[in-house]
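Each chain is listed here by its residues.
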Amino acid sequence: QPPLVESGGDVVQPGGSLRLSCVASGFSLDAHAIGWFRQAPGKEREGMLCTDKQGETTAFVDSVKGRFIVSRDSAKNTVTLQMNSLKSDDTGVYYCARGGPWCPSFGFTRAWVDYWGLGTQVTVSS
């Protein structure tokens, strides 16, 4: 199994919700910050959210603030992303990613990542 596996992507209507999971294998998520990135069709991959090893989350994309919620389940070695009030602009491939124990203070780029998940497709369409 890959070190990180995302699941939960689906096709939903605008206003709907999805819950994505990121399951780690071979290491403990408790020692790491975990980021969530997404890549819309034809656009660059962008870092949306980062949750540090203590569970504090920073949002780097204003459009997801208040709609996307990150949580940890240490027993299952899993980080989840609850996405609410989904919009068509949320469509894309969503990735979880492992970094060090802490999140960056400014900006959130691919350089921070040492392992990527394989991605899961989210499509928001009526």
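Novice: What's the story with unusual backbone geometry in this structure? I'm lost.
Specialist: One non-glycine residue, Asn77, lies in the positive phi region at around 50°. For Asn77, the location among the structural elements is in the loop between β7 (68-73) and β8 (78-83). Even without being a glycine, Ser85 presents a positive backbone phi close to 50°. If you trace the backbone, Ser85 turns up in the loop between β8 and β9 (92-98). The class for Ser85 is partly exposed, based on a relative accessible area of 41%.

Novice: Explain the pattern of salt bridges here, please?
Specialist: Oppositely charged side chains may form a pair once their charged atoms are brought near each other. With the rule as written, the count across this model stands at four salt bridges. Between Asp90 and Arg67 there is a salt bridge; the shortest N-O distance is 2.8 Å. On the criterion of sequence distance, the pair formed by Asp90 in the loop between β8 and β9 and Arg67 in the loop between β6 (57-59) and β7 is long-range, its members being 23 residues apart. The pair Asp90 / Arg67 is uniform in exposure class, with both members buried. Asp114 serves as the salt-bridge partner of Arg98, at 3.1 Å between the closest nitrogen and oxygen. Of this pair, Arg98 sits in strand β9 while Asp114 sits in the loop between β9 and β10 (115-116), placing them 16 residues apart in sequence. Shared partners join several salt bridges into a network, and the residues in it are Arg38, Glu46, Arg67 and Asp90.

Novice: Whenever I open this one, the pairing of strand β3 (residues 18-24) confuses me. Can you help?
Specialist: Counted residue by residue, β3 has five buried out of seven residues, so it is predominantly covered. Pairing of strand β1 (residues 4-7) with β3 involves four bridges; the strand directions are antiparallel. Bridge pairing in β3 links Leu4 to Ala24. In this structure, β3 lies alongside β8, joined through six bridges in antiparallel fashion. Looking at β8, one finds that Cys22 is bridged to Val79.

Novice: In this structure, what is going on with the nonpolar core? I would like to understand it.
Specialist: Nonpolar side chains in soluble globular proteins tend to be buried together. Of all hydrophobic cores here, the largest spans 24 residues; its most connected members are Trp36, Met48, Phe68, Leu81, Met83 and Tyr94. Residue assignment for this core shows that the elements contributing at least two residues are β3, β4 (34-39), β5 (46-51), β7, β8, β9 and β11 (120-124). A total of four residues in this core trace back to one element, the largest contributor, which is β3. Other than its neighbours up to four places away in sequence, Met83 contacts Gly16, Ser17, Leu18, Leu20, Arg67, Phe68, Tyr94 and Val122. Membership of the second largest hydrophobic core comes to nine residues, among which are Ala33, Tyr95, Cys103 and Trp112.

The rules we used
Residues numbered from 1 in each chain as written. Predicted model: local features only at pLDDT ≥ 70, side-chain atom pairs only at ≥ 80, totals over all residues. Heavy atoms only, no water. Helix = DSSP H or I, 4+ residues; strand = E, 2+ residues; numbered from the N terminus. Buried < 20%, exposed > 50% of the residue type's maximum accessible area, 1.4 Å probe, protein only. Salt bridge = Lys/Arg side-chain N within 4 Å of Asp/Glu carboxyl O. Pairing = 2+ DSSP bridges. Core = buried A, V, L, I, M, F, W, Y, C linked by side-chain atoms within 4.5 Å. Contact = heavy atoms within 4.5 Å.

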